[in-house]
Amino acid sequence: EAKANIAFAVFDLERDCGDLDVSCYSTDGGKGAQVEIRAWFHPRLGECVLHFGVLKDPRSGEWKCPLDEKRVQWPEGMMAIDSKASQLKFQQLGDFVQGVDFSMPATSKRSDTGEEVVEPCIAGISFVLKNSRGDEWFKPRSGGDANIRFTSSGRWKGGWAQVADKIVEQEVTWKHMSLKRRYENCLEFVDAWEKKSDGLEMRRMRSWNTL
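Predicted, not measured: the structure shown is a model, and the values here were computed from it. (Residues numbered from 1 in each chain as written. Predicted model: local features only at pLDDT ≥ 70, side-chain atom pairs only at ≥ 80, totals over all residues. Heavy atoms only, no water.)

## Remarks on the pattern of salt bridges
Selection rule: Counted as salt bridges are all cases of a side-chain nitrogen of Lys or Arg within 4 Å of a carboxyl oxygen of Asp or Glu. Secondary structure elements follow DSSP: runs of H or I no shorter than four residues count as helices, runs of E no shorter than two count as strands, and numbering proceeds from the N terminus. Partly exposed describes any residue whose relative accessible area lies between the buried limit of under 20% and the exposed limit of over 50%, with all areas from a 1.4 Å probe on protein chains only and scaled to the type maximum.
Under the criterion given, the structure shown has 12 salt bridges. Here Arg 141 ties to Asp 12 by a salt bridge, and the two come within 2.9 Å at their closest N and O atoms. Linking Arg 141 in the loop between strand E12 (137-138) and strand E13 (146-149) with Asp 12 in strand E1 (residues 7-12), this pair joins segments that are 129 residues apart in sequence. What makes Arg 141 exposed here is its relative accessible area of 53%. Relative accessible area serves as the criterion here: at 41%, Asp 12 is assigned to the partly exposed category. For Asp 145, the salt bridge identified is with Lys 139, shortest N-O distance 3.8 Å. On the basis of relative accessibility, which here comes to 33%, the residue Asp 145 falls in the partly exposed class.

## So, the pairing of strand E9 (residues 97-110)
When a strand is regular, its side chains alternate between the sheet's two faces. Keep this limit in mind: The criterion for strand pairing is that DSSP finds at least two bridges linking the strands in question.
In this sheet, E9 lies alongside strand E3 (residues 32-41) in antiparallel orientation, the contact comprising eight bridges. Residue pairing across strands places Gln 34 opposite Ser 103, the latter belonging to E9. By the bridge criterion, three bridges tie strand E8 (residues 91-94) to E9 in an arrangement that is antiparallel. Across the sheet, Gln 92 pairs through a bridge with Gln 98, a residue of E9. Taken together, E9 and the strand that follows it, strand E10 (residues 116-120), pair antiparallel across an intervening segment of five residues, in which Gly 114 is found at a positive phi of about 90°.

## Describing the confidence of the model for the chain
The test is simple: Confidence per residue, as judged by the predictor, is encoded in pLDDT with a range of 0 to 100. Contacts are residue-level and defined by heavy atoms, with any inter-residue pair within 4.5 Å sufficient.
For the chain, per-residue confidence averages 85 on the pLDDT scale, and residues scoring 70 or more make up 78% of the total. Across residues 207-211, where pLDDT falls below 50, the model places one contact with residues more than four positions away in sequence or in other chains.

## Quick look at the side chain of Lys 130
The condition is simple: Neither His nor the chain termini are counted; the positive set is Lys and Arg, and the negative set is Asp and Glu. For this analysis, a polar contact is any N or O atom pair within 3.5 Å, provided that within protein one partner can donate a hydrogen and the other can accept it, and provided that sequence-adjacent residues contribute only side-chain to side-chain pairs.
Along the polypeptide, Lys 130 turns up in strand E11 (residues 124-131). Here Lys 130 is buried and forms no salt bridge, its nearest opposite-charge partner Asp 135 lying at an N-O distance of 9.4 Å. At 3.5 Å, the side chain of Lys 130 and the side chain of Gln 87 are in polar contact. In this structure, Lys 130 is in contact with Cys 48, Val 49, Gln 87, Glu 136, Trp 137 and Phe 138, ignoring residues within four places of it in sequence.

## Quick look at unusual backbone geometry
For Asp 28, which is not glycine, the phi torsion reads 55° and is therefore positive. Structurally, Asp 28 can be placed in the loop between strand E2 (18-27) and E3. Here Asp 28 falls in the exposed class, since its relative accessible area comes to 60%. You will see that Asp 95, though not glycine, has its phi angle at about 55°, which is positive. Residue placement: Asp 95 occurs in the loop between E8 and E9.

## What to know about the environment of Glu 184
By the secondary structure assignment, Glu 184 is in helix H2 (residues 179-197). A relative accessible area of 26% places Glu 184 in the partly exposed class.

## A closer look at the nonpolar core
Formally: We call a set of buried Ala, Val, Leu, Ile, Met, Phe, Trp, Tyr and Cys residues a nonpolar core when their side-chain atoms join them within 4.5 Å.
Within the largest apolar cluster, 38 residues are counted, with the highest numbers of intra-cluster contacts made by Leu 20, Phe 41, Phe 90, Ile 122, Phe 127 and Phe 150. Going through the elements one at a time, E1, E2, E3, strand E4 (48-55), E9, E11 and E13 are the ones with two or more residues in this core. For this core, the element with the highest residue contribution is E3, accounting for five residues.

## A closer look at the pairing of E2
Extensive coverage of E2 is indicated by the burial of seven of its 10 residues. Note that E1 and E2 share six bridges and pair antiparallel. Following the sheet pairing, Val 10 is matched in E2 by Asp 21. Connecting E1 to the next strand, E2, in antiparallel fashion are five residues, including Arg 15 with a positive phi near 55°. Inspection of the sheet shows E2 paired to E3 by 10 bridges, in the antiparallel sense. Paired with Ser 23 across the two strands is Glu 36, which belongs to E3. Connecting E2 to the antiparallel partner E3 that follows it, the hairpin turn spans four residues, and Asp 28 within it adopts a positive phi of roughly 55°.

Following this line, the structure appears as structure tokens:
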């Protein structure tokens, strides 16, 4: 996570299938970007496959076929499934870890605040997973496709940007966003804040009784 200066996301997978993280960091002084996907799958699954698409634009959830992105250096063995998706087998990396890596060109620019921002040539990826036998498909525990965006275009740049990104991502790309799911999101945010601050963050917040 420490070197992931472009993007980093962690996905807790449904049905106790494991967890997975995606990191994207700049290379060659901002002229390139490297993506590393690392997964810890339940032993029952064996070798697994990444079923994914490239996100069409910075805020869209629509997929396009990765093989159409000729500038990206994809791993060998990637297969196009249809006009929107491709599949890649995870590589065994030892200690029950499986991984997929790829790289691409990027450009550097100055943000409105004067900060240097690295923009990879694709907006991001969206994916689900399956075992290599094809008899079990799975996705994040939240129920939607896993999305990670490599671009800063259209993203909130103020405080709590990571929280804003998650809210916008779910509201824009999920097909069904219930009131219950929104409430669960709030609980997850609060739980994360509590763990980071030993409860001090929430003690400083106004309650209904003090408003």
